Amino acid sequence: MPTPPDPAVLFPDVSARGSLASALRAVAEARLDTVPVTASDSEPLMYASVPSLLPYREPLQIGAWSYERRWSVRGEESHQGLALVEGRTEDLAQVARAARAWYDGAELPDIARAAPFVRLTGRFEVPDGDPARLTESEWRSMRQEAAELEQPWRGPYQTLIETAYAESALRALYPFTSHRVLRFSSGPRPHLSIVGPCLTANCDGTYGVGRGFITQDLGVFATAEEAVALAVSRLRSDPETPAPGA
């Protein structure tokens, strides 16, 4: 891999200000004058962060790209460290708008309206960390992600996600993926407790069920409905499966 250019060459305006934090203030037209924008100690030209007035939001992370003039943002919720908003842009002034909205505690759709490059991940905020609501939020994000995929295997994968979501026994569990394999936990991150079998959408349009995420030892089926039905049956027959949220 080629060596990335010197940040001072790729971002001369940032270098002239001494840090990404200072450059953000400069393009914000006073919008960030009262906001505590913090530069990275180790790479001040490349990274900065902006806190939020909402205690259940982590600081917005702002980073410069290494090989081209572009910036990314990521805003996480505090209970699990998962992204609520993401985005990338070549316009640093847009980043400043997103940072101000994040700091102010603006509603997530309002952040995207203030800075149109921002993408909502589908998760919603759960101020009290209620496990059932975090589970609902994660399902919504997973369904949105499946619908927005551009890979050739999007169709089978989205069908699997939607079919699993339609089953109340699985919908009550917290979903997560490993290597495109759908898995379940009795509670949300960061303390996952895996329950039930794993479900896989294969590139050939078939669906697998397995006891481990790299196996399909319980069967391969022509439809997602068959695979999900077996997963639900195995889940209900397992006396050690804890109730969701336990």
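About the thresholds
- Residues numbered from 1 in each chain as written.
- Predicted model: local features only at pLDDT ≥ 70, side-chain atom pairs only at ≥ 80, totals over all residues.
- Heavy atoms only, no water.
- 1 Å grid on protein atoms, 1.4 Å probe; cavity = no way out; pocket = protein on both sides within 12 Å on 5 of 7 lines; lining within 4 Å.
- Points joined across faces, edges and corners; volume = space filled by probe spheres on them.
- Nonpolar A, V, L, I, M, F, W, Y, C, P; charged D, E, K, R; others polar.
- Pairing = 2+ DSSP bridges.
- Helix = DSSP H or I, 4+ residues; strand = E, 2+ residues; numbered from the N terminus.
- Contact = heavy atoms within 4.5 Å.
- Axes fitted to C-alpha atoms, helices over the stretch in contact; angles between N-to-C directions.
- Disulfide = S-S within 2.5 Å.
- Buried < 20%, exposed > 50% of the residue type's maximum accessible area, 1.4 Å probe, protein only.
- Parallel < 35°, antiparallel > 145°, perpendicular 65-115°, else oblique.
- Left-handed = near helix turned anticlockwise from the far one by under 90°.

## Considering empty space enclosed by the protein
A probe as big as a water molecule, rolled over the atoms, marks out the empty space that is left.
Part 1 of the argument: In the structure shown here, the tally under the stated rule is 1 cavity of 30 Å³ or more.
Part 2 of the argument: Lining the largest cavity are E77, Q80, L84, R123, F124, E125, V126, L134 and S137.
Part 3 of the argument: Classifying every residue of the lining of the largest cavity by side-chain character gives 4 nonpolar, 2 polar and 3 charged.

## Observations regarding the sheet that holds strand 5 (residues 83-89)
Part 1 of the argument: In space, the 6 strands of this open sheet follow the order 1-2-3-4-5-6, with antiparallel pairing throughout. Whereas interior strands pair on both sides, the edge strands pair on one side only; in this sheet they are strand 1 (38-39) and strand 6 (118-120).
Part 2 of the argument: Relative to the sheet, helix 3 (residues 20-27) contacts strand 1, strand 2 (47-50), strand 3 (60-64) and strand 4 (71-76), its axis offset from that of strand 2 by approximately 60°.

## Let's talk about the layout of surface pockets
Part 1 of the argument: Its volume calculated, the largest pocket comes out at about 320 Å³.
Part 2 of the argument: Lining the largest pocket are 14 residues, with R119, T121, R123, S141 and E145 sitting closest to its centre.
Part 3 of the argument: Elements supplying a minimum of two residues to the lining of the largest pocket: strand 5, helix 6 (131-148) and strand 7 (174-178).
Part 4 of the argument: Broken down by element, the residue count for the lining of the largest pocket peaks at 5 residues, all from helix 6.
Part 5 of the argument: For the lining of the largest pocket, the residue count by class is 4 nonpolar, 3 polar and 7 charged.

## Here we look at the state of the cysteines
Part 1 of the argument: Evaluation of the coordinates by the stated rule reveals 0 disulfides.
Part 2 of the argument: Among the cysteines around C198, which has no disulfide bond, C203 carries the closest sulfur, lying 17 Å off.
Part 3 of the argument: On the accessibility criterion, C198 (3% relative accessible area) is buried.
Part 4 of the argument: Residue class for C203 comes out exposed when judged on its relative accessible area of 61%.

## So, the packing of helix 6 against helix 7 (residues 154-165)
When two helices pack together, their arrangement is given by the angle between the helix axes and the distance between those axes.
Part 1 of the argument: Where helix 6 contacts helix 7, the axes come no closer than 9 Å and their chain directions differ by 155°. If you check the angle between helix 6 and helix 7, you find them roughly antiparallel. Here helix 6 and helix 7 pass one another in a crossing that is left-handed. Residues W139, M142, R143, E145, A146 and A147 of helix 6 pack against R154, Y157, Q158, I161, E162, A164 and Y165 of helix 7.

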